[in-house]
Amino acid sequence: MRGDGNGWTRCALGHRHWGRHGAAGLLLRRDTPDAAVVLLQHRAVWTSDGGTWAVPGGARDSHESVVQAALREAHEEAGIDDAAVEVVGQWQDDHGGWAYTTVIADVIGPLRIVPNAESAELRWVAERDVPTFALHPGFASSWPSLRRI
Ligand SMILES: [Zn+2]
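In this text the structure is predicted, and so the values were computed from the model without any measurement.

K.L.:
Describe the packing of aromatic side chains, listing the residues and the values that go with them.
P.N.:
Applying the stated rule across the entire model yields four aromatic pairs. Considering the side-chain rings of Phe-139 and Trp-143, the 5.7 Å spacing of their centres and the 45 degrees angle between planes classify their relative orientation as tilted. Of this pair, Phe-139 and Trp-143 both sit in helix 2 (residues 137-146), four residues apart, which is roughly one turn of the helix. The same class applies to Phe-139 and to Trp-143, which are both buried. Note that Arg-16 overlies the ring of Trp-8, its terminal NZ or CZ placed 4.0 Å from the centroid. Here Arg-30 stacks its cationic end above the ring of Trp-124, 4.3 Å away from the centre of that ring.

K.L.:
Tell me about the pattern of salt bridges, residues and numbers included.
P.N.:
Scanning the model with the defined rule gives eight salt bridges in all. Between Glu-64 and Arg-72 there is a salt bridge, and its shortest N-O distance comes to 2.5 Å. The residues Glu-64 and Arg-72 share a single accessibility class, namely buried. Glu-76 is the partner of Arg-72 in a salt bridge, and the nearest nitrogen-oxygen pair spans 3.2 Å.

K.L.:
Lay out the nonpolar core in plain terms, naming residues and giving numbers.
P.N.:
Formed by 15 residues in total, the largest nonpolar core has its most connected members in Leu-26, Leu-28, Ile-80 and Val-85. Of all the secondary-structure elements, those providing two or more residues to this core are strand 3 (23-31), helix 1 (66-78) and strand 8 (99-107). Looking at this core element by element, the count peaks at six residues for helix 1. Setting aside its immediate chain neighbours within four residues, Leu-28 contacts Val-37, Val-38, Leu-39, Ile-80, Val-85, Ala-105, Asp-106, Val-107, Leu-111 and Trp-124.

K.L.:
Could you give me a rundown of the coordination of the zinc ion, with the residues and numbers involved?
P.N.:
As a benchmark, a tetrahedral metal site with four donors has ideal angles of 109.5 degrees, while an octahedral site with six donors has ideal angles of 90 or 180 degrees. Taken together, the protein donors to the zinc ion comprise Cys-11 (SG), His-15 (ND1), His-17 (NE2) and His-95 (ND1), at separations of 2.0 to 2.2 Å. Around the zinc ion, the four donor atoms sit at angles spanning 101 to 128 degrees, and that spread fits a shape best called tetrahedral. Within one chain, the residues donating to the zinc ion are spaced in sequence as C-x3-H-x1-H-x77-H. By relative accessible area, Cys-11 is classed as buried at 7%.

K.L.:
Now, about the environment of Ala-12: what can you tell me, with residues and values included?
P.N.:
Relative to the elements of secondary structure, Ala-12 occurs in the loop between strand 1 (8-10) and strand 2 (16-18). Apart from residues lying up to four places away in sequence, Ala-12 is in contact with His-95 and Gly-96.

K.L.:
Lay out the pairing of strand 8 with the relevant residues and their values.
P.N.:
Bridge count for strand 3 against strand 8 is seven bridges, and the pairing is parallel. Its bridge partner being in strand 8, Leu-28 is matched across the sheet by Ala-105. When strand 7 (residues 85-94) meets strand 8, the two strands line up antiparallel, connected through nine bridges. Across the sheet, Val-87 pairs through a bridge with Ala-105, a residue of strand 8. Linkage of strand 7 to strand 8, two consecutive antiparallel strands, is achieved through a turn of four residues, within which Gly-96 is found at a positive phi near 85 degrees.

K.L.:
Quick one: what's the story with the side chain of Thr-52, residue by residue and with numbers?
P.N.:
Within the secondary structure, Thr-52 is located in the loop between strand 4 (36-43) and strand 5 (53-54). In terms of polar contacts, Thr-52 uses its side chain to reach the backbone carbonyl oxygen of Asp-49, at 2.7 Å. Once you skip the residues sitting within four places of it in the chain, Thr-52 turns out to touch Gln-41, His-42, Arg-43, Ala-134, Leu-135 and His-136.

The rules behind these values
Residues numbered from 1 in each chain as written. Predicted model: local features only at pLDDT ≥ 70, side-chain atom pairs only at ≥ 80, totals over all residues. Heavy atoms only, no water. Phe/Tyr/Trp six-rings, centres within 6.5 Å; stacked < 30°, edge-to-face > 60°. Helix = DSSP H or I, 4+ residues; strand = E, 2+ residues; numbered from the N terminus. Buried < 20%, exposed > 50% of the residue type's maximum accessible area, 1.4 Å probe, protein only. Lys NZ or Arg CZ within 6 Å of the ring centre and 35° of its normal. Salt bridge = Lys/Arg side-chain N within 4 Å of Asp/Glu carboxyl O. Core = buried A, V, L, I, M, F, W, Y, C linked by side-chain atoms within 4.5 Å. Contact = heavy atoms within 4.5 Å. Donors = N, O, S within 2.8 Å, 3.2 Å for Na, K, Ca; no water. Tetrahedral: all angles 85-135°; square planar, octahedral: opposite > 155°, others 65-115°. Pairing = 2+ DSSP bridges. Polar contact = N/O pair within 3.5 Å; in protein donor to acceptor, adjacent residues only side chain to side chain.

So, in structure tokens, the structure goes:
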């Protein structure tokens, strides 16, 4: 049911995580003449780990696949139209009893980015520059597995 993933849970490693059925985010990629870039979200200060940078994402509802959850969250938080993106892969950070899945997608059509209240800012960042941002700890640990370069 819609929203039934919202809530805190604890993983086998003892962390507290948002998303009773796990969580998912969308790593959106495109190429510019200068660099391979990805869309990063500066999380609003009132959100979980607020003030850090990561990808748009959030709790998965029980009826959703991880891809559906990532695309829904990307639409809610960044206005991303799923017709403008093509899912090309996914990577799971499994903690035991809780997992975060990063869904990787390429931009294939016209895209308009519309931040919602959970996004202080959305910015295209060159992959080589991602480690210089104050990253969300979960995203920071996944990034070496996600980057193309
Ligand atoms: Zn954990």
